[in-house]
Amino acid sequence: MGKKIVILNGSPRKNGNTSALVSAFAGGAESAGNSVEVFHLGSLEIHGCLGCGGGHSGRDCPCVQHDGMDRIYPAVRDCDVLVLASPLYYWNLSGQLRTAVDRLFALEEGGENLLRGHGRASALLMSAEGSDFADVLTYYDHLTEHLRWKNLGHVLCGGNWDPGDISGKKELDEARALGASIS
């Protein structure tokens, strides 16, 4: 039986280079019998964490705020694999993705911790104009270690600016292969 995969696409460009990596990964994952749900964060209204401590994992919508995260929480709660996809912005994930990741904390609050562990795995997909991914990889490695997620790896593709610059690059094949490797 296939895995449930959720992809959080933090690119503001719906048809940009990060989305091309997401499509390649999703195609590979679906070819291996997995189900894939993609959330394009740029089209969802997601507010920053209030730091209120009022979340509770036992609620359908665990956060006190009700916005685009209300669609994401149930999918993440039930997934086997969470994929973070983003362009590289100032040596880190995009603000859209960082905000969503911060808000996932509500799944750790209150009752049962529904984010940490649970046999969950993760992968990272990134595109960038440059090629210095060192800082974001440090963050991602710390995140997966803290959350006790199996790190399935990453596909990082530099040298992209305009939408479509990624076309024909080997990283698209790598993303497809990474998705297909999940079973």
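For the structure itself, look to the data block above.
Because the structure is a prediction, the values reported are computed rather than measured.

Caption draft 1: Layout of the packing of aromatic side chains. Per the stated rule, a full pass over the model turns up one aromatic pair. With 5.9 Å between their ring centres and 65° between their planes, Tyr90 and Trp91 make a pair best called edge-to-face. Cation over ring: Arg13 sits above Trp161, and NZ or CZ is 5.7 Å from the ring centre.

Caption draft 2: Spatial organisation of the nonpolar core. The biggest cluster of nonpolar side chains holds 36 residues, and the ones touching the most others in it are Leu8, Leu41, Ile72, Leu82, Leu84 and Leu104. For this core, the secondary-structure elements that each account for two or more residues are strand 1 (4–9), helix 2 (69–78), strand 3 (81–87), helix 3 (95–103), strand 4 (121–127) and helix 4 (134–147). Dropping the residues within four chain positions of it, Leu8 is found in contact with Phe39, Leu41, Ile72, Leu82, Val83, Leu84, Ala85, Leu97 and Leu104. Within the second largest apolar cluster, 22 residues are counted, among which are Ile5, Val22, Ala29 and Ala175.

Caption draft 3: Expanded view of the side chain of Gln65. Relative to the assigned elements, Gln65 resides in the loop between strand 2 (35–40) and helix 2. Polar contacts involving the side chain of Gln65 include one to the main-chain carbonyl oxygen of Gly48, which spans 2.9 Å. Filtering out sequence-adjacent residues up to four positions away, Gln65 remains in contact with His47, Gly48, Cys49, Leu50, Asp70 and Arg103.

Caption draft 4: Expanded view of a nonpolar patch on the surface. A cluster of nonpolar side chains, namely Tyr89, Tyr90 and Trp91, defines an oily patch on the protein surface of about 420 Å² accessible area. Counting through the fold element by element, Tyr90 comes out in the loop between strand 3 and helix 3. A relative accessible area of 76% places Tyr90 in the exposed class.

Caption draft 5: Seen up close, the layout of surface pockets. Here the largest pocket defines a volume of roughly 280 Å³. Residue lining of the largest pocket: 15 residues in total, with Pro87, Leu88, Tyr89, Glu129 and Trp161 positioned closest to the centre. When its residues are assigned to classes, the lining of the largest pocket shows six nonpolar, seven polar and two charged. Size it by volume and the second largest pocket reaches roughly 150 Å³. Partitioning the lining of the second largest pocket into residue classes produces five nonpolar, four polar and four charged.

About the criteria used
- Once a new chain begins, its residue numbering starts again from 1 and follows that chain's sequence as written.
- pLDDT decides what is reported in this predicted model: residues at 70 or higher carry local features, side-chain atom pairs at 80 or more are listed and counted, and totals for whole chains, interfaces and linings draw on all residues regardless.
- In computing side-chain values, all of the structure's heavy atoms are included and hydrogens and water are not.
- Here a pair means two rings of Phe, Tyr or Trp (six-membered ring of Trp) with centres within 6.5 Å. Their orientation is stacked below 30 degrees between planes, edge-to-face above 60, and tilted elsewhere.
- For a lysine, the NZ atom is tested; for an arginine, the CZ atom; a charge sits over a ring if that atom is within 6 Å of the ring centre and within 35 degrees of the ring normal.
- Definition of nonpolar core: a set of buried residues of the types Ala, Val, Leu, Ile, Met, Phe, Trp, Tyr and Cys, connected through side-chain atoms within 4.5 Å.
- Per-residue accessibility, obtained with a 1.4 Å probe over protein chains only, is compared with the maximum for each type, and a residue is labelled buried under 20%, exposed over 50%, and partly exposed between these values.
- Where helices and strands are cited, they refer to DSSP runs of H or I of at least four residues and of E of at least two residues respectively, numbered from the N terminus.
- Contacts were defined at the residue level, with two residues in contact if any of their heavy atoms lie within 4.5 Å.
- By the criterion applied in these results, polar contacts are pairs of N or O atoms within 3.5 Å in which, for protein atoms, one can donate a hydrogen and the other can accept it, and in which residues neighboring in sequence qualify only through two side-chain atoms.
- For patch building, the residue pool is restricted to those with more than 30% relative accessible area and no salt bridge; the joining distance is 9 Å between like charges and 5 Å between nonpolar side chains (Val, Leu, Ile, Met, Phe, Trp, Tyr).
- Here the open area of atoms and residues is found with the Shrake-Rupley method and a 1.4 Å probe, where only the protein chains shown may cover a residue.
- A pairing counts as a salt bridge when a side-chain nitrogen of Lys or Arg comes within 4 Å of a carboxyl oxygen of Asp or Glu.
- Throughout, the protein atoms alone are placed on a 1 Å grid, and a set of points is a cavity if a 1.4 Å probe fits but cannot get out or a pocket if it is open with protein on both sides within 12 Å along at least five of seven lines; lining residues have an atom within 4 Å of a point.
- Grid points are joined across faces, edges and corners, and a volume is the space filled by probe spheres set on the points.
- When residues are sorted by character, Ala, Val, Leu, Ile, Met, Phe, Trp, Tyr, Cys and Pro go into the nonpolar class, Asp, Glu, Lys and Arg into the charged class, and all the rest, Gly among them, into the polar class.

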